[in-house]
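Report on the structure
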Amino acid sequence: MTWHPPVPRRVTDPAGSVWSVQRAWPGVSAGRYVLEVQSHNHPGVLGGFFREGRFVPVGAEDSKLPALALESPKGETVVHRAHKRAVLRAGDTYIKVFRPEQAPAAAANHALATVPLAGGRFRTPVMTAPRPDVLVFSRVAGRPYYELGQDQSAVPDDYFAGMWAHWSQAWTETVARASGPAFRASLEQLPVHDAEEELVKVRRWIDHWLLHSEGIPAAGQGRAALLAQADAVTAGLLAGPFDSLGWAHGDLHDKQILGTDIMGTDSPGPDIRGTDNAGAPGLLDFDEACRAEAALDLANLDVHLELRRRQNLLSGRRFTIAHASIVSAASRLHVSPERFEAYAASARLRLACMYSFRPPWGSWAVRYLSSQDLVPPALRRSPESRASVPHLSTEPSMT
């Protein structure tokens, strides 16, 4: 099984400039893709479309993001999913640009989700100047755990372990506090992301893959494997019994959590109690905050770390350290092993579909789609035999 969506690693714009593809998403019809590209001759990133073998750049004059043209002189574009969303870095602020009238929902989610975090275990962005299509957030100091995990010089293994232990304590206390009676009013206003909603999310990516592979003989094996994996993930998510719904970030991964290296002024320590949260880890992006089973966030984070291991961005030792902290948090939050396994399998399938559209990981992703790693053996065993949260696969990394 070798076919994957043929997204190029480099594209040439109409002026003859060559761009490297940073990220890609499936377009609305087969063979068309949405690209985010970068060049050493251009600051930040540029959005665009790849259609019939031609790259069509979309700059600040994005017709579906009219506010982008007004905001772009203020800073550097660091995210641009053409016609969907853009993010600018402007000094000590970040400017999120939405389609018209879409910002209020994100603003409401941010406000509701961060109410129980005020003065608590995480530092979060402060939202200012909300408008119908623009939100402005303060910068949160620190580097993403994604970067810190790769930094062997400024982040020794023992410091890395303390960093993740710090996060685990903070996460456990935050979820328990935010899901408690004191914050029930704000919690009940967050949208629900239950097992059925998770299936909607993963099936959207399955449908993308099926659309772009339709009618291609070389993709037949991959399509059959994907449908089999989808059936297993569906059965696992809907099997129950379900854990209770509580406060959830909704899109937790290692780029959303911030810390500092060993030279940082707000270095993590074994305890973060005190009158303020200056030494707490940072937490970003509450657009998808929701009420969900605790397994949703924890499994998604764990699978992202498994992905970093496969990308050779995280050592086996560091994966084991971070995984143990996530399992510890799951245990303290009484996450059932079955629910952790079910959400992890869903996250793996979704990420495998997503990364099949992204060079250079496409060929790896389709091999992963047909492997047994996506659905762990525990989901194929009887419930009586599932005794603990599983250690996720650490098979050979992506090549």
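Here, every reference points to the structure presented above.
**Let's talk about the pattern of salt bridges**
The full count for this structure, using the stated rule, is 18 salt bridges. Put simply, arginine 318 and aspartate 157 hold a salt bridge, and the shortest N to O gap is 2.7 Å. Of this pair, arginine 318 sits in helix α9 (residues 316-332) while aspartate 157 sits in helix α4 (residues 157-178); the two residues are 161 residues apart in sequence, bridging distant segments of the chain. On the basis of relative accessibility, which here comes to 0%, the residue arginine 318 falls in the buried class. Between arginine 348 and glutamate 306 there is a salt bridge, with its nearest N and O atoms 3.0 Å apart. Of this pair, arginine 348 sits in helix α10 (residues 337-355) while glutamate 306 sits in helix α8 (residues 294-310), and the two are 42 residues apart along the sequence. When its relative accessible area of 2% is taken as the criterion, arginine 348 is described as buried. Given a relative accessible area of 2%, glutamate 306 falls into the buried group. Residues joined by salt bridges that share partners form a network here, namely Arg85, Lys96, Asp285 and Asp287.

**A look at the nonpolar core**
Residues Leu35, Trp164, Trp167, Trp171, Trp247 and Leu298 are the most contacted members of the largest nonpolar core, which totals 93 residues. Examining the composition of this core, we find that 12 residues originate from one element, α10, more than from any other. Residues within four places of tryptophan 164 in sequence aside, it is in contact with Tyr145, Leu301, Leu305, Ala322, Ser325 and Ile326. If you look at the next biggest cluster of nonpolar residues, it comprises 10 residues, including Ala86, Leu88, Ala90 and Val134.

**Concerning the pairing of strand β5 (residues 54-58)**
Alignment of strand β4 (residues 42-51) against β5, held across five bridges, turns out to be antiparallel. Bridging across to β5, glycine 47 finds its partner in valine 58. If you look at the hairpin formed by β4 and β5, you'll find two residues sitting between the two strands, and glutamate 52 has a positive phi there, around 50 degrees.

**Focus: the sheet that holds strand β8 (residues 93-97)**
Read from one edge to the other, the open sheet built from five strands follows the order β6-β7-β8-β10-β9, with strand pairing classed as antiparallel. Single-partner strands in this sheet number two, and they are β6 (76-81) and β9 (127-128). In this structure, strand β7 (residues 85-90) lies alongside β8, joined through five bridges in antiparallel fashion. Bridging from a neighbouring strand, alanine 86 pairs with valine 97 of β8. Helix-sheet contacts for helix α2 (residues 103-114) involve β9 and β10 (134-138), and the interaxial angle to β10 is about 30 degrees.

**With respect to the sheet that holds strand β13 (residues 257-259)**
Taken in spatial order, the three strands line up as β11-β13-β14 in an open sheet, and their pairing is antiparallel. Looking along the sheet, the strands with just one partner apiece sit at the ends: β11 (143-144) and β14 (282-283).

**Regarding the packing of aromatic side chains**
This model, assessed by the stated rule, comprises nine aromatic pairs. Residues phenylalanine 122 and tryptophan 171 carry aromatic rings whose centres are separated by 6.0 Å and whose planes lie at 75 degrees to one another, so their mutual orientation is edge-to-face. In this pair, phenylalanine 122 sits in the loop between α2 and β9 while tryptophan 171 sits in helix α4, placing the two residues 49 residues apart along the sequence. Across the pair, exposure class does not vary: phenylalanine 122 and tryptophan 171 are buried alike. Relative to tryptophan 164, the ring of phenylalanine 160 lies with its centre 6.4 Å away and its plane at 65 degrees, an arrangement referred to as edge-to-face. Taken as a pair, phenylalanine 160 and tryptophan 164 lie in helix α4 at a separation of four residues, close to a single helical turn. Here phenylalanine 160 falls in the buried class, since its relative accessible area comes to 1%. Against the face of tyrosine 146 rests lysine 255, its NZ or CZ located 4.5 Å from the ring centre.

Conventions and cut-offs
- Residues numbered from 1 in each chain as written.
- Predicted model: local features only at pLDDT ≥ 70, side-chain atom pairs only at ≥ 80, totals over all residues.
- Heavy atoms only, no water.
- Salt bridge = Lys/Arg side-chain N within 4 Å of Asp/Glu carboxyl O.
- Helix = DSSP H or I, 4+ residues; strand = E, 2+ residues; numbered from the N terminus.
- Buried < 20%, exposed > 50% of the residue type's maximum accessible area, 1.4 Å probe, protein only.
- Core = buried A, V, L, I, M, F, W, Y, C linked by side-chain atoms within 4.5 Å.
- Contact = heavy atoms within 4.5 Å.
- Pairing = 2+ DSSP bridges.
- Axes fitted to C-alpha atoms, helices over the stretch in contact; angles between N-to-C directions.
- Phe/Tyr/Trp six-rings, centres within 6.5 Å; stacked < 30°, edge-to-face > 60°.
- Lys NZ or Arg CZ within 6 Å of the ring centre and 35° of its normal.

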